[in-house]
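Residue-level listing of the chains:
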Amino acid sequence: MNPLIKAFEEWTWIFTQYAGISYDLHENKKLHEIESFPSSKPFFYWVDESNIKVTQRGGTISGSTHNEDVYKIDFNPKKVWKDWTPPKYSEYYGKLSPLKSEKPIIVINNKYNPEWGQQIPFNFLPLDCLKDFCEKFSDKYEILYIRYEGKGHSFENGYWDDVPSYTKEEYGDYELIKEFGIKTIYDFMNEYDEKDFNIAQMMMMSKAKHILCTAGGNAVLSSYFGEDVVIYGHPDCKSTSRGIWHTDSWLKELSGSNIIGHNHWGKMINDCENRWLD
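In this report, we go over the structure that sits alongside the text. The model shown is predicted, which means the values in this text are computed figures rather than measured ones.

Here we look at the side chain of Glu-194
Then comes step 1: When you line up the elements, Glu-194 lands in the loop between helix 7 (185-191) and helix 8 (197-205).
Then comes step 2: When sequence neighbours within four positions are dropped, the list of residues in contact with Glu-194 reads Met-189, Ile-199, Ala-200 and Met-203.

Have a look at this one:
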């Protein structure tokens with residue numbers, strides 16, 4: 001019987017622990033099976049469809065074995081998980097992506113949802129930040145925007161998360177970026193007839209020169225793509241102190257990207273200007 005990997009954790013561990021262990025088995029030509037959420041399939045693209053079991057469940061498996069040390073700045077995945085190799089998401093989805101641009105691309109991977117048992121969002125890019133960023137970078141770069149709108153535990157468009165995402169009317173981000181003619185992930189999905197949200201976001205990020213994102217699972221996934229990955233963590237959020245979101249954290253091991261952490265969005269944009277504008 002082939003080994004079975006049960007991957008029902010938060011995205012941080014699916015993108016690191018489970019994907020890396022599975023990909024290492026693949027690289028060593030060892031057959032194995034995956035059991036995970038339906039929306040996880042794109043993150044195990046190397047596993048044959050017949051060896052992926054999807055389960056419509058709305059939580060994590062009890063008796064979890066995930067390692068909380070992953071949040072440390074100097075976490076060493078190869079020491080902890082030993083047989084671990086980060087998947088080549090950028091290479092794989094870059095070949096599949098139909099996206100073309102005359103300008104270099106910056107992808108903003110944002111979120112706006114309840115966090116830490118509260119209805120108040122913390123880790124998101126404020127509208128003033130989005131406006132300032134778009135004004136400064138839209139001439140030189142094509143900016144693409146990713147943020148999920150939908151229910152939690154819904155599996156809509158191949159997406160799943162613990163919590164629902166607030167709408168564009170509650171946030172105002174989609175109306176704002178429309179003023180700058182910025183293409184969203186939903187524009188991308190409609191234009192290229194891509195039904196799966198997770199495949200779409202990896203296709204988009206595979207073409208990015210740089211990525212701006214928020215602390216959380218989406219920052220881990222973003223770290224597989226781009227030259228610079230800038231991570232914003234709100235100063236009042238509990239998770240902001242975690243070393244994984246800080247500059248030069250171990251996330252650089254995922255693809256060799258420069259990991260740059262900020263918890264002040266004004267200073268963050270100034271840093272991006274110094275790095276990305278002549």
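A word on unusual backbone geometry
Then comes step 1: In the Ramachandran plot, Lys-29 falls in the positive-phi region, its phi being about 55° despite a non-glycine side chain.
Then comes step 2: Take Lys-29: it is sitting in the loop between helix 1 (11-27) and strand 2 (33-36).
Then comes step 3: Classification of Lys-29 as exposed rests on a relative accessible area of 76%.
Then comes step 4: Phi is positive for Asp-193, close to 55°, though the residue is something other than glycine.
Then comes step 5: Relative to the elements of secondary structure, Asp-193 occurs in the loop between helix 7 and helix 8.
Then comes step 6: Asp-193 gets classed as exposed once you look at its relative accessible area, which sits at 53%.

Some words on the pattern of salt bridges
Then comes step 1: Across all of its chains, the model carries 14 salt bridges by this definition.
Then comes step 2: The salt bridge partner of Glu-91 is Lys-95, with a shortest N-O separation of 3.9 Å. Here Glu-91 and its partner Lys-95 are both found in helix 3 (residues 89-96), 4 residues apart, which amounts to about one turn of the helix.
Then comes step 3: Across the pair Glu-273 and Lys-136 runs a salt bridge, and its minimum N-O distance is 3.4 Å. Of this pair, Glu-273 sits in helix 10 (residues 265-276) while Lys-136 is found in helix 4 (residues 127-137), placing the two residues 137 residues apart along the sequence.
Then comes step 4: Classification of Lys-136 by relative accessible area gives partly exposed; the value is 30%.
Then comes step 5: In this structure, a network of salt bridges that share partners links the residues Asp-132, Lys-136 and Glu-273.

Describing the environment of Asp-48
Then comes step 1: Looking at the secondary structure, you find Asp-48 in the loop between strand 2 and strand 3 (52-54).
Then comes step 2: Sequence separation between Asp-48 and Glu-33 is 15 residues, and the spatial gap between their C-alpha atoms is 8.6 Å.

Procedures and definitions
Residues numbered from 1 in each chain as written. Predicted model: local features only at pLDDT ≥ 70, side-chain atom pairs only at ≥ 80, totals over all residues. Heavy atoms only, no water. Helix = DSSP H or I, 4+ residues; strand = E, 2+ residues; numbered from the N terminus. Contact = heavy atoms within 4.5 Å. Buried < 20%, exposed > 50% of the residue type's maximum accessible area, 1.4 Å probe, protein only. Salt bridge = Lys/Arg side-chain N within 4 Å of Asp/Glu carboxyl O.

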